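# Inside the fold
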Amino acid sequence: MDCKNITVYTDAVEALNNTCPAEGLSVNVDWITQTSKHLINKVDRLEQDLKSYQLSQDKENIRRTHQMLGDHYHDCGDLSNAIKHYQKSRDYGTTVAHTMEFLLNIIKVSVYLNHWNSVSNYIKKTDHIDNTDVKISRRLQLAKGLCEMSHNNYHHAARIFSSIPCDSWDNEIISPLCVLVYASLCALASFNRRDFQKLLIENNNFKQYMDAQPTIRNFLFAFYNREYSTGLRSLELLRGEFKLDLFLSPHVDSLYEKIRSESIKQYYTPYLTCDMNKMADAFNTNVDDLELELMKLVADQPIKIDSHHKVLRASEDNERSRIFEQVLDLSLAYKQKTQALLVKSAILKAGLVIKASVEEKPSTST
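Everything in this summary refers to the structure shown in the same document. Computed from a prediction, not measured in an experiment: that's the story for all the values here.

With respect to the element layout, Ser307 can be found in the loop between strand E2 (303–306) and strand E3 (311–314). At 2.5 Å, the side chain of Ser307 and the side chain of Glu291 are in polar contact.

Counting 88 residues, the largest nonpolar core has Leu146, Ile174, Tyr182 and Phe242 as the members making the most contacts within it. Per-element tally for this core: the top contributor is helix H9 (residues 176–190), with 11 residues. Dropping the residues within four chain positions of it, Tyr182 is found in contact with Leu146, Met149, Phe161, Ile174, Asp245, Phe247 and Leu248. Core analysis: the second largest hydrophobic core is formed by seven residues, Ile6, Tyr9, Val13 and Cys76 among them.

Sheet strands pair by backbone hydrogen bonding; their relative direction is either parallel or antiparallel. One open sheet accounts for three strands, arranged E1-E3-E2; its pairing is antiparallel. At either margin of the open sheet sits one strand with a lone partner, and together these are strand E1 (273–275) and E2. Strand-to-strand, the axes of this sheet are offset by a mean angle of 20 degrees, without reference to chain direction. The sheet strands contacting helix H16 (residues 287–297) are E2 and E3, and the helix crosses E2 at an angle near 150 degrees.

Moving on: the packing of aromatic side chains. Enumeration according to the criterion identifies 12 aromatic pairs in this entry. Ring geometry for Phe206 and Tyr209: centres 5.9 Å apart, planes at 45 degrees, overall tilted. Of this pair, Phe206 and Tyr209 both sit in helix H11 (residues 204–212), three residues apart, which is roughly one turn of that helix. With respect to burial, Phe206 and Tyr209 carry one shared label: buried. Three or more aromatic residues joined by ring pairs make a cluster, and in this case those are Phe223, Tyr228, Tyr267 and Phe283.

Moving on to H9. Taking 1.5 Å of rise per residue, the 15 residues of H9 would be expected to cover 21 Å, and the 21 Å separating its terminal C-alpha atoms lies within 8% of that figure. Burial of H9 is extensive: 12 of the 15 residues sit out of reach of the surface. Cys178, Val179, Leu180, Val181, Tyr182, Ala183, Ser184, Leu185, Cys186, Ala187, Leu188 and Ala189 are the residues of H9 that are buried.

This part takes up unusual backbone geometry. At Arg226, a position not held by glycine, the phi torsion is positive, near 65 degrees. Relative to the helices and strands, Arg226 is located in the loop between helix H12 (214–224) and helix H13 (228–242). With a phi close to 55 degrees, Asn284 is a non-glycine residue in the positive phi region. Structurally, Asn284 can be placed in the loop between helix H15 (276–282) and H16.

Conventions and cut-offs
- Residues numbered from 1 in each chain as written.
- Predicted model: local features only at pLDDT ≥ 70, side-chain atom pairs only at ≥ 80, totals over all residues.
- Heavy atoms only, no water.
- Helix = DSSP H or I, 4+ residues; strand = E, 2+ residues; numbered from the N terminus.
- Polar contact = N/O pair within 3.5 Å; in protein donor to acceptor, adjacent residues only side chain to side chain.
- Core = buried A, V, L, I, M, F, W, Y, C linked by side-chain atoms within 4.5 Å.
- Buried < 20%, exposed > 50% of the residue type's maximum accessible area, 1.4 Å probe, protein only.
- Contact = heavy atoms within 4.5 Å.
- Pairing = 2+ DSSP bridges.
- Axes fitted to C-alpha atoms, helices over the stretch in contact; angles between N-to-C directions.
- Phe/Tyr/Trp six-rings, centres within 6.5 Å; stacked < 30°, edge-to-face > 60°.
- Expected span 1.5 Å × (residues − 1).

Here you go:
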């Protein structure tokens, strides 16, 4: 077992026992004892090395040891100590690469702590550093995408995730499968059909993600081909799996609701009228429940619900009425201007204009 986080291990066993009592799982006491001893010895060794380097004022080794302690505490799940040692390593950095390394470590720990404002602030600090390393750029893009998703900015998150290169994947915060899932769900919830086609379906980079996961690819194409019943059914089967995801779980219900609403909009948009009975079949529901869903969309969508005939109608944009309104506004403005000219003409004709006397006229100098 390669895990170093004993707390997570014991919590996982307890959760499994609560979920499936019949399994009767028990913790591996021997492994816990051996791992604890190994971790304590490693910390003691690193702290001894740190004291030795501090006495000799070896800045580079002090920096590296603080970073190693940060990595160690990160692996053990002690994120507060991890961030403390990463911050101390900054004081001994001497190059731009050291600064970038520090920022990446802080961003990584802040992501796991769900400190999204800190993630955003430290990402902005990397903008001032020249970087040509593809792996570093990808890590920053991953963190930026997670940050946008945490703030419910699903449109921006989908754009970021769909643009992340698929090749040469290293030990990142999340896996390529996570990128595929996050991009897919965020795009379905926020993209219109044109953006969905351009940024996902026709995106050669994103195709590499989809080819590795046929299940995700199939439900994406189901939505793209307007097979909403198939797409929504496939999504529902994956809901439980998505709720186990560390970063996605708080957004699953919201994303699913938005995906359904967006699919309904795309269904009726091309038509002036829709049969709600056929529409209900397309979305795996009955007419009454569909009507309740449509009522939520009426406020900000140009649609009308004919409950008697069970028909959804598009609110036609009355061009004729709008032109009449514009003509009336122009005629009113013309009338006011004409009246002002007539009044001025009558005043001049009646000699009611007051002229200044010669004495009152201002003198002009030659």
